[in-house]
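Inside the fold
For reference, the chains in residue letters:
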Amino acid sequence: MIRTLEFLSIFFLLFPPISPERVSHPRDPADPQPKAELHGRPILTPKSAQRYLWKYGWVEPVNWESQPLHGNPPPTEENVIHPDRPHQEHLEKTPFDSVSPTDLELTLNPRFNGALRRFQEANKLEVTGRLDAATIMAMNVPRCGVPDHRVPEGVGAQPEDPEENGSTTLSINSESAEENRDTYEESAEEYQERGQALGLPAKRQVRRKRSQLLKAGAKRAAFSKLTLKWRLLGEGYSVWLSKEQQRYILRLAFRMWSEVVPLNFQEDLSSPAQLIDIKLGFGTRRHLGCSQLFDDMGREFAHAWQLGDIHFNDDEHFVPPNSEHGISLLKVAVHEIGHVLGLSHMNHLGSVMQPNYIPANGKMELGWTDRRAIQKIYGKCSGRFSTVFDWVHQEPDDLGHQVSHYNTYFFRRSWYWRYENSSNRTWYGYPQELKVGWEGIPHADIDAFLHFWTRNKRFTFFFKGKLYWRYDDQNDRAYRQDPEGHIYPRLISEGFPGIGGPIDTVFYDQRDHNIYFFHGRNVTAFGVESQKVLPGYPQAIEDEFPAVKSGDHPKGNLDAVYFSFSHKTIFFIKGSYVWHVATSADLPYNSLLPRYPINEQWTDICDVHPSMLSMPRR
Ligand SMILES: [Zn+2]
Ligand SMILES: [Zn+2]
C-alpha cells in the first residue's frame, strides 16, 4: 500500500492532473485533422448486437492474424499496413445481413441466440439467449478491438527456420495454445478446409513479421528473439497527453511484461522502420494506413496484431495512471502488448487480458494468470546472482512503534530485486539499480551480505573483494564511520582476524552463533564472541555440509548461502540451482537436500532493458 502511494505520488509529481478539457497539441505537420464524434453509437438493437457478436468472434472465430495483402495499398516505410482485409470481408458478410433480417427475425435466429448465450456465459451474465438490459450494458463497455475468439494463429503459414535471421531460439511450450483456446474454436485444419471452400488461397501470403516467428513444433507463434524494439510513430501521437507522457507510459507498460519473462523491450527512435518490431500509434476512424477501422459502433479503445503493431483509438480520452476519469493508457497498452506477445483474451478476475475496460483504481499490475500465461510462451527467467539475503530493518507502524520487517533481496551485478515470499513474487517495479537503493556500498558485484547480532548489537555488512562495509539499517545507508569509530570500507582481515578475503559468501548461523565464511571449496567458522577463527578450520564445504544424495552438491564457488526467515532454513545458491539444509532430525546435521532450479523456488526475477531501469515505481 505504501509502495503504491509512493508510486502514485511520484507519478503525480511527474504528471500534474490533466483537465478533462480536450487540448490540442501539434501532431505531425498536417494538424489539425477533423475529429470524429467522441464515441461510437451505442449498441441497442438486435441488429447492432448481432454485428458486435459477429465482429468479436461469438458467432464463429474471426481470422484476425496474418492475412494476404491483396487489395490494400502497399506498405509505406513508416507504416506497415495491416493486411486484414478478410476481417473486413468477414464484417461485410455477416450471415444475417444477406437476408436483411428484421430485429424480430434476428431474435428468433438460433445462431444469434447461441452466440448471445456464449457471450453471456463468458461475461458472467444470466444466460438467457435474449438481448436483455444486462447484455446491452456489457456490449457498451469500452473494449479491445481484438476478437474474443480467433482462428488459431499459424494457420496456413509456412514453417520457417528460426535461425534465418540469426535470432535466439526460445523454448516454446505448445500447451499454451491449447489452454487458451476456447472449445468451440475450429482447428487449423478445419479452418484451412473452410478457407479453400471459400476460395481463399491455400498458401497465404505471409507478413514480413513471419521471419521472426518460431514455427517449428509450436502451435502458438512467439517472438524468437530476446530484445524487441518498439517505437511510438511520429504521425500517431495522442492529442490527450504530451509526447513525453505517452512514451513514458508505453515504456512502463513494456517494462511490466519484461519483469516477468526473459524478454527485453527497447525504445528505438533511430533505426529504419523495418527493424522496429512493435510500432504503436494513435488514430481515429480510418487511421495510420490500417485497413481496420475504429468503428462507429460501440467503443473500441485499441487493437493489436500478434507479433505486430498496436493502434490506439484516440477518440477515447486517454489519461495517465493516476487519473480517475477517462481510459488509462497504461492499462490499455499493457493489454495490447499482451496480444502482440501472443496472449488471447482471458475472462479471469484480475487479468489484464480481459477484453472489457475495467477502471484501473490507481493500481495496475499483471495478474497471476497473466504471468503464468506469458511464461508458458516465453519461459521463466533465470540467471546467476551475485548474492541473496534477507534484510531486516525497522520501520514505524501506524502507531509510531518501531516494527521489524524483512524482505529477501536478490543482487545481480548492478541490479537488485526485492522479493515478497508470502505472495511468491518480486515487488512490482523491480529490478532497481544498486546505486539507487543502497547508498554507500559499491554499485556492482557485491560478493556477500552478512547480518548477525550479539546480546545488545546488530550488525549488517556487505563484502566485496578484500573490503567490507557496515550498513546503517536505520538510516538505510552505509556508515562512513560507525558508532565504534571504525572507518569504512575496512579490510576484512581487520574486522575478522584470520579471514583474508575475497570471500564467495558468508552467513550467520543462529544455532551455534558462528559466522561461516565460504571461499572456493572451503568454509571457515568464526566465533562472534571470541572474534577468532574456530580451531580446525577451514574445512571442506562438502564435509561440513554433506550431500543427502551422493554427488548432488554445489561443492564450491557458491553465489550465496543465507538463512531464510520465511522458509526457516539455510539455502545454498549456485548458478541456476538451489540446495537447502535439511531440517529433519532424521538426517545428519547440516545435510544438503538435492538441488532444484532457483526459478521454481522464487519466480519472476527478470532482467529488464537498461533503458527501463530508472523508472520510478517503488
Ligand atoms: Zn484485447
Ligand atoms: Zn489499426
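Rules used in this analysis
- Residues numbered from 1 in each chain as written.
- Chains lettered and ligands numbered in written order.
- Predicted model: local features only at pLDDT ≥ 70, side-chain atom pairs only at ≥ 80, totals over all residues.
- Heavy atoms only, no water.
- Helix = DSSP H or I, 4+ residues; strand = E, 2+ residues; numbered from the N terminus.
- Buried < 20%, exposed > 50% of the residue type's maximum accessible area, 1.4 Å probe, protein only.
- Contact = heavy atoms within 4.5 Å.
- Expected span 1.5 Å × (residues − 1).
- Donors = N, O, S within 2.8 Å, 3.2 Å for Na, K, Ca; no water.
- Tetrahedral: all angles 85-135°; square planar, octahedral: opposite > 155°, others 65-115°.
- Pairing = 2+ DSSP bridges.
- UniProt positions renumbered as here; feature names shortened; annotations may be inferred.
- Phe/Tyr/Trp six-rings, centres within 6.5 Å; stacked < 30°, edge-to-face > 60°.
- Lys NZ or Arg CZ within 6 Å of the ring centre and 35° of its normal.
- Lys, Arg positive; Asp, Glu negative; His and termini not counted.
- Salt bridge = Lys/Arg side-chain N within 4 Å of Asp/Glu carboxyl O.
- Core = buried A, V, L, I, M, F, W, Y, C linked by side-chain atoms within 4.5 Å.

An unreviewed UniProt entry annotates the protein as Peptidase metallopeptidase domain-containing protein of Xenopus tropicalis.

Our next topic: the overall build of the protein. Per the secondary structure count, the protein includes 15 helices and 26 strands. Within the protein, the proportion of its 618 residues that are buried is 55%. Long-range contacts, defined here as pairs at least 24 residues apart, represent 64% of the contacts in the protein between residues at least 6 apart.

In this model, helix α10 (residues 329-341) (13 residues) spans 18 Å end to end at C-alpha, consistent with the 18 Å of a helix rising 1.5 Å per residue. Within α10, 13 of the 13 residues are buried, which leaves it mostly tucked inside the rest of the structure. Looking one or two residues beyond α10, the residue adopting positive phi is G342, at roughly 120 degrees.

Listed as protein donors to the zinc ion (ligand 2) are H287 (NE2), C290 (SG), H303 (NE2) and H311 (ND1); their distances from the metal cover 2.1 to 2.3 Å. For the zinc ion (ligand 2), the 4 donor atoms are set out with angles of 101 to 119 degrees between them, so the coordination reads as tetrahedral. Between consecutive donor residues of the zinc ion (ligand 2), the sequence gaps follow H-x2-C-x12-H-x7-H. Taken as a pair, H287 in the loop between β4 (278-283) and β5 (300-304) and H311 in strand β6 (residues 310-313) lie far apart in primary sequence, 24 residues in all. H311 carries the same exposure label as H287, and that label is buried.

Now for the sheet that holds strand β25 (residues 577-580). Strand order across the open sheet formed by 4 strands is β23-β24-β25-β26, with antiparallel pairing between neighbours. Single-partner strands in this sheet number two, and they are β23 (560-564) and β26 (596-597). With 5 bridges connecting them, β23 and strand β24 (residues 569-574) associate as antiparallel partners. When the bridges of β24 are listed, Y562 appears paired with F571.

A word on the coordination of the zinc ion (ligand 1). Coordination of the zinc ion (ligand 1) by the protein involves C144 (SG), H335 (NE2), H339 (NE2) and H345 (NE2), with metal-donor separations of 1.9 to 2.2 Å. For the zinc ion (ligand 1), the 4 donor atoms are set out with angles of 100 to 118 degrees between them, so the coordination reads as tetrahedral. The sequence pattern describing where the donors of the zinc ion (ligand 1) fall on their chain is C-x190-H-x3-H-x5-H. Taken together, the residues span a long stretch of sequence, with C144 in strand β1 (residues 143-144) and H345 in the loop between α10 and α11 (368-378) at a distance of 201 residues. Here C144 and H345 have matching classes, each one buried.

What follows covers the UniProt feature "binding site: Ca(2+) 5" (unreviewed entry) in the protein. In the UniProt entry, the feature "binding site: Ca(2+) 5" (unreviewed entry) is given for V561. Position of V561 among the secondary structure elements: in strand β23. Once residues lying within four places of it in the same chain are set aside, the contact partners of V561 are T505, V506, F507, F518, I570, F571 and F572.

Counted according to the given criterion, the structure contains 60 aromatic pairs. With 5.3 Å between their ring centres and 55 degrees between their planes, W438 and Y471 make a pair best called tilted. Note that W438 is positioned in the loop between α12 (434-437) and β14 (448-453) and Y471 in strand β16 (residues 467-472), a separation of 33 residues in sequence. Judged by centre distance (6.0 Å) and plane angle (15 degrees), the ring pair of F459 and F461 falls under stacked. When sorted by exposure, F459 lands in the same class as F461, which is buried. Ring-pair connections join several aromatic residues into one group, and the members of that group are F452, W453, F459, F461, F463, Y468, Y488, F496, Y508, F517 and F526. Seen from the ring of Y428, R425 lies directly overhead, with NZ or CZ sitting 4.0 Å from the centre.

Here the focus is the side chain of E336. Its place among the elements puts E336 in helix α10. Buried and unpaired, E336 has R143 as its nearest opposite-charge partner, separated by 8.5 Å.

Right, let's talk about the nonpolar core for a bit. Among the nonpolar cores identified, the biggest contains 58 residues, and W257, F265, F312, F318 and L341 are the most heavily contacted of them. Elements represented by at least two residues in this core include exactly β2 (227-232), α9 (243-258), β4, β5, β6, α10 and α11. The residues touching F265, leaving out its near neighbours within four places in the chain, are L228, W230, F254, W257, S258, I278, L341, H609, S611 and M612. Within the second largest apolar cluster, 31 residues are counted, among which are W391, Y409, F410 and V578.

Taken across its 10 residues, helix α2 (residues 46-55) has 8 buried, putting it largely inside the fold. If you check which residues of α2 are buried, you get P46, S48, A49, Q50, Y52, L53, W54 and K55. Immediately beyond the C-terminal end of α2, within one or two residues, lies G57, with a positive phi of roughly 85 degrees.

Bringing the pattern of salt bridges into the picture now. Per the counting criterion, the structure on display carries 24 salt bridges. The shortest N-O distance in the salt bridge between D277 and K225 comes to 2.9 Å. Of this pair, D277 sits in the loop between β3 (264-267) and β4 while K225 is found in the loop between α8 (188-197) and β2, placing the two residues 52 residues apart along the sequence. In this structure K225 comes out as partly exposed when scored by relative accessible area, which is 21%. For R470, the salt bridge goes to D482, with nearest N and O atoms at 3.1 Å.

With that settled, the discussion passes to the pairing of β25. Where β24 and β25 come together, 4 bridges link them in antiparallel fashion. Bridge pairing in β25 links F572 to W579. Counted along the chain from β24 to the antiparallel partner β25, the turn is 2 residues long, and its residue G575 has a positive phi close to 60 degrees. Direction of pairing for β25 relative to β26: antiparallel, over a ladder of 2 bridges. Bridging across to β26, V578 finds its partner in Y596.

Turning to the pairing of β6, a few remarks are in order. Of the two faces of β6, both are covered, the one formed by I310 and F312 as well as the one formed by H311 and N313. Here 4 bridges tie β4 to β6, and the two strands are oriented parallel to one another. Opposite G283, over in β6, you have N313 as the bridge partner. With 3 bridges connecting them, β5 and β6 associate as antiparallel partners. What sits directly across from H303, in β6, is H311.

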